[in-house]
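Coordinates in review
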Amino acid sequence: MDFQIRDAITANMIGNDASQIRDVVEDAIKRGEEHLLPGLGVFFEKWWQTAPEPEKETVLKHLEQTFKS
């Protein structure tokens, strides 16, 4: 069986509004289960592929600060 997590996550999220997506992200973080991390990675990857450079730079600066401590 050739299972592609990217395709599965994308198919499950198509048509969701911002509130539903927020709920998915917050639930995954709240549950803290390791197997949910790839799904959050897919969210980040999808965003990264379409985000304009200034947005990427802002996020990178936030991540830099987050991981400094």
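An account of the accompanying structure is given in this report.

Rules and cut-offs
- For every chain, the first residue of the written sequence is number 1, and numbering continues from 1 along that sequence.
- It should be noted that, the model being predicted, local features are given only for residues of pLDDT at least 70 and side-chain atom pairs only at 80 or more, the latter also being counted only at that level, while totals for whole chains, interfaces and linings use all residues.
- Each side-chain value is worked out from all heavy atoms of the structure, with water and hydrogens disregarded.
- Only DSSP runs of H or I with at least four residues qualify as helices, and only runs of E with at least two residues qualify as strands; both kinds are numbered from the N terminus onward.
- Buried, partly exposed and exposed residues are distinguished by accessible area as a fraction of the type maximum, computed with a 1.4 Å probe on protein chains only: under 20%, between the cut-offs, and over 50%, respectively.
- To be clear on the numbers: accessible area is Shrake-Rupley with a 1.4 Å probe, and residue cover counts the displayed protein chains and nothing else.
- Lys and Arg are tallied as positive, Asp and Glu as negative. Neither His nor the chain termini are counted.
- In this description, the location of a charge corresponds to atom NZ of lysine, CZ of arginine, CG of aspartate or CD of glutamate.
- Here a salt bridge means any side-chain nitrogen of Lys or Arg lying within 4 Å of a carboxyl oxygen belonging to Asp or Glu.

Turning our attention to the overall build of the protein. Per the secondary structure count, the protein includes four helices and zero strands. Ordered by position in the sequence, the α and β elements of the protein form the string α-α-α-α. Dimensions of the protein along its principal axes, counting C-alpha atoms only, are 40 × 30 × 25 Å. Here the protein holds 69 residues, and the buried ones make up 10% of them. Accessible area for the protein stands at about 5,800 Å²; split by element, carbon and sulfur atoms hold 57% of it. Both charge centroids of the protein, one from 8 positive and one from 13 negative side chains, sit 4 Å from each other.

With that out of the way, let us pick up the pattern of salt bridges. Taken as a whole and judged by the stated rule, the model has five salt bridges. Between E26 and R22 there is a salt bridge, with its nearest N and O atoms 3.0 Å apart. Taken together, the positions of E26 and R22, both in helix 2 (residues 18-31) and four residues apart, correspond to about one turn of that helix. D27 is the salt-bridge partner of R31, the closest N and O atoms lying 3.3 Å from each other. Remark: D27 and R31 occur in helix 2; sequence separation between them is four residues, near one turn of the helix. Connected through shared salt-bridge partners, D27, R31 and E33 make up one network.

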